[in-house]
Amino acid sequence: MTVLLWVLLLVLVVAYWASLKIGIKKHPDLPAEEGKKVILIVVDSLLSEPLESLMAQNKVPAFSFLKEKGSYSNRMVSSFPTMSVTIDSTLLTGTYPDKHRIPGLRWYSLKEKRLIHYGDGVFPTIKSGIKTVMNDGLFHLNNTHLSTQTRTIHEELAVSGRSTASINAIVYRSNHMKDLAIPWPFSKIQTKAPDYFVLGNFYRYMSSGFFPFINYYGVNNRVSIQHLVRMIRKDQLPSFTVVYLADLDHESHKQGELSSESVVQVDRQLQEVFHAFGKWDEGLEKCVFMVMGDSGVSRIKNDKKEAIVDLDQTFSKMRVAPLGSSGPTDEMALAVNERMSYIYPLQDQVELQAMVKELKHDERLDLISWKDKDWVKVMQGGSGKEMRFRKGNTFVDEYHQQWDIEGDMEVLDLKRAPKEEAIGYGSYPDGLMRLYAALHSHEGKFLLVTIQPGYEMKGTGSPTHVGGGSHGGLHEVDSYFPIFIAGTKERPTYNRIVDLKDFILRQM
Ligand SMILES: [Zn+2]
């Protein structure tokens with residue numbers, strides 16, 4: 001018996017040791033490239049506070065260095081919905097979801113008749129089927145869902161013969177076929193990625209330590225920084241490197257804010273990057289450095305009953321499509337992206353207007369909108385005030401986009417001087433275009449609903465963050481994030497994430 005136990009233990013140790021090694025590839029030899037390189041570090045959920053207080057107290061030397069040698073803004077506008085997959089797709093393609101076609105972390109595909117989600121928690125993943133979620137997140141997102149009509153920064157540079165790197169970003173499409181290391185019993189996945197490619201333990205060039213499962217399967221700051229530092233030391237930086245630091249997102253969801261310690265920790269990791277160049281200034285001579293967040297965060301109230309609008313409950317009289325495959329008798333589907341939701345009628349007799357009626361009196365809801373021929377209709381939750389808009393030529397916004405607008409402009413907090421055709425944005429930065437793009441991000445008839453700051457929606461097993469933090473909405477609390485740019489005198493045309501692709505390509 002004891003011998004058997006020892007053998008079993010030995011087998012487990014060997015299996016564990018083998019699992020630490022899977023996905024580790026040989027470092028690719030990237031050709032040395034001329035000119036200035038761009039390093040873009042996305043610190044998931046980096047917020048302007050406590051960052052700004054820490055800079056004022058001289059406690060974050062790397063961030064302060066970037067600000068002093070370059071520029072800092074806390075008013076960068078994200079994409080919409082403010083969910084990582086949609087934001088990252090906007091960053092890399094320079095388009096909103098009407099063009100890149102990634103509508104959110106969750107959305108309903110009419111073609112496949114199922115709720116698609118790229119992974120948002122253990123239980124929804126088990127319910128949808130682990131294999132399905134893995135395929136959506138690790139294969140379809142980059143290889144079939146992200147529109148081929150738009151090119152990523154990686155693809156643009158590959159066309160001109162330049163190499164690029166993507167380290168722990170979930171959206172990364174380029175044109176090199178890579179075999180992801182998928183653990184047994186799931187089958188192999190091939191994906192189109194950049195020359196230098198790291199995606200957790202699925203594809204990497206270094207070990208990610210002894211506890212990969214606790215450390216988000218290698219999608220963590222330490223692994224990302226290790227890979228970047230090695231490239232700098234070996235003088236092997238490609239033209240463009242994007243690095244994701246995912247750790248702060250977990251904390252912002254749990255606490256609704258960031259602690260000083262964790263921002264100081266990220267600063268230490270940035271210092272490691274600058275040290276790798278020898279002198280910090282050398283980093284800025286060789287590279288354009290961009291360090292930024294990706295969205296804001298709304299602090300969710302502590303009282304669960306008040307904080308959460310339960311859409312399953314609102315539509316309890318209807319048959320809502322479950323996770324996994326939906327059946328022919330399902331009447332509607334809910335795709336909840338934290339503080340925004342898509343709501344779909346699945347039968348002809350289910351009217352959008354009947355659904356609006358169920359929602360419009362809830363004062364916690366912010367915007368309820370839908371397409372009406374070429375118009376977009378928007379209603380304010382609670383008050384029921386309405387406006388509509390379409391692409392046209394009556395008004396010009398801050399970004400030189402032209403619109404026809406009718407009804408109560410207060411609904412989208414649009415600012416307009418009397419008799420002027422120029423309009424400005426208040427609480428919903430780039431609100432017209434971002435709302436328009438989300439409503440045109442995929443096929444079908446649906447409502448798009450957002451919720452006031454402090455609240456969150458729930459439906460079909462979506463995760464909630466009572467007493468913590470959440471994003472997804474169009475509101476400025478979800479939308480603004482901080483950005484540092486150093487190593488160049490140029491700046492993006494506008495302070496929007498959708499304008500960064502052009503800016504990055506201009507630097508080479
Ligand atoms: Zn998040």
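Counting from 1, residues in each chain are numbered in the order their sequence is written. Local features in this predicted model are restricted to residues whose pLDDT is 70 or higher, and side-chain atom pairs enter the listing and the counts only when it is 80 or higher, whereas totals over whole chains, interfaces and linings include all residues.

Participant: I'd like a description of helix H10 (residues 247-255), backed by residues and values.
Facilitator: Given 3.6 residues to a turn, an α-helix orients residues that are three or four positions apart in the same direction. Of the positions making up H10, those classed as buried are Asp247, Leu248, Asp249 and Ser252. The elements touched by buried residues of H10 are strand S1 (37-43), helix H9 (221-233), strand S9 (240-245), helix H11 (260-275) and strand S23 (469-470). Runs of H or I in DSSP of at least four residues are treated as helices and runs of E of at least two as strands, each being numbered from the N terminus. Backbone geometry just downstream of H10 places glycine 256 in the positive-phi region, at approximately 80°. Counting other C-beta atoms within 10 Å of a residue's C-beta gives its exposure: the residue is buried at 20 or more, exposed at 12 or fewer, and partly exposed in between, where C-beta atoms are placed from the backbone. Whether two residues are in contact depends on their C-beta atoms, placed from the backbone: they are in contact if these lie within 7 Å.

Participant: Could you give me a rundown of unusual backbone geometry, with the residues and numbers involved?
Facilitator: In this model, glutamate 49 is joined to proline 50 through a cis peptide bond whose omega is 5°. Omega for the bond connecting phenylalanine 80 with proline 81 falls within 30 degrees of zero, at -5°, which places this linkage in the cis form. By the secondary structure assignment, proline 81 is in the loop between strand S2 (71-77) and helix H4 (84-93). Unlike most non-glycine residues, aspartate 235 shows phi in positive territory, near 55°. Mapped onto the fold, aspartate 235 is located in the loop between H9 and S9. When the 9 C-beta atoms within 10 Å are taken as the criterion, aspartate 235 is described as exposed. Residue glutamate 338 is not a glycine yet carries a positive backbone phi of 55°.

Participant: Lay out the packing of helix H2 (residues 48-56) against H11 with the relevant residues and their values.
Facilitator: For helices, the axis comes from a line fit to the C-alpha atoms of the stretch in contact; other axes are also lines fit to C-alpha atoms, and the angle between any two N-to-C directions lies between 0 and 180 degrees. As a packed pair, H2 and H11 sit with axes 9 Å apart at the nearest point and diverge in direction by 70°. As far as their axial angle goes, H11 and H2 are roughly perpendicular. Only Ser260, Val263 and Val264 of H11 make contact with H2, whose side of the interface consists of Pro50, Leu51 and Leu54. Lys, Arg, Asp and Glu make up the charged group, whereas Ala, Val, Leu, Ile, Met, Phe, Trp, Tyr, Cys and Pro make up the nonpolar group; the residues left over, Gly among them, are polar. Split by residue class, the contact of H2 with H11 holds five nonpolar, one polar and no charged. Should an angle lie under 35 degrees it is considered roughly parallel, over 145 roughly antiparallel, and from 65 to 115 roughly perpendicular; all remaining angles are considered oblique.

Participant: Hey, could you go over the sheet that holds strand S14 (residues 340-345) for me, with residue numbers and the actual values?
Facilitator: Backbone-to-backbone hydrogen bonds pair the strands of a sheet. The strands run either parallel or antiparallel. The criterion for strand pairing is that DSSP finds at least two bridges linking the strands in question. Read from one edge of the open sheet, seven strands run S13-S14-S21-S15-S16-S17-S18, paired in antiparallel fashion. Only two strands of the sheet have a single partner each, and these edge strands are strand S13 (332-337) and strand S18 (402-407). Neighbour-to-neighbour, the strand axes of this sheet turn through a mean angle of 25°, independent of strand direction. As judged from the four bridges shared by S14 and strand S21 (residues 447-451), these two strands associate in the antiparallel manner. Of the residues in S21, the one forming a bridge with tyrosine 342 is leucine 448.

Participant: Give a detailed account of the packing of helix H3 (residues 61-69) against H11, specifying residues and quantitative values.
Facilitator: Running from N to C, H3 and H11 cross one another at 65°; their axes reach a closest spacing of 7 Å. Two secondary-structure elements touch here, H3 through Pro61, Ala62 and Phe63 and H11 through Asp267, Leu270, Gln271 and Phe274. Class assignment of the residues belonging to the contact of H3 with H11 gives a composition of five nonpolar, one polar and one charged.

Participant: Lay out the sheet that holds S9 with the relevant residues and their values.
Facilitator: Ordered in space as S2-S24-S10-S1-S9-S5-S8, the seven strands form an open sheet in which the pairing is mixed. Only two strands of the sheet have a single partner each, and these edge strands are S2 and strand S8 (196-198). Pairs of neighbouring strands in the sheet enclose a mean axial angle of 15°, with direction left out of account. The strands that H3 touches are S2, strand S10 (287-292) and strand S24 (480-486); relative to S24, the one it contacts most, it runs at about 70°.

Participant: Describe the nonpolar core, and please don't skip the residues or the numbers.
Facilitator: Remark: nonpolar core denotes a set of buried Ala, Val, Leu, Ile, Met, Phe, Trp, Tyr and Cys residues whose joining runs through C-beta atoms within 7 Å. Counting 137 residues, the largest nonpolar core has Ala333, Ile343 and Leu448 as its most contacted members. The split of the chain into domains comes from an automatic or database domain assignment. Shared between two domains, this core takes at least three residues from each, and those domains are domain 1 (13-102 + 146-297 + 474-506) and domain 2 (304-468). Setting aside residues up to four positions removed in sequence, leucine 448 forms contacts with Met340, Tyr342, Ser369, Trp370, Ala438 and Leu439.

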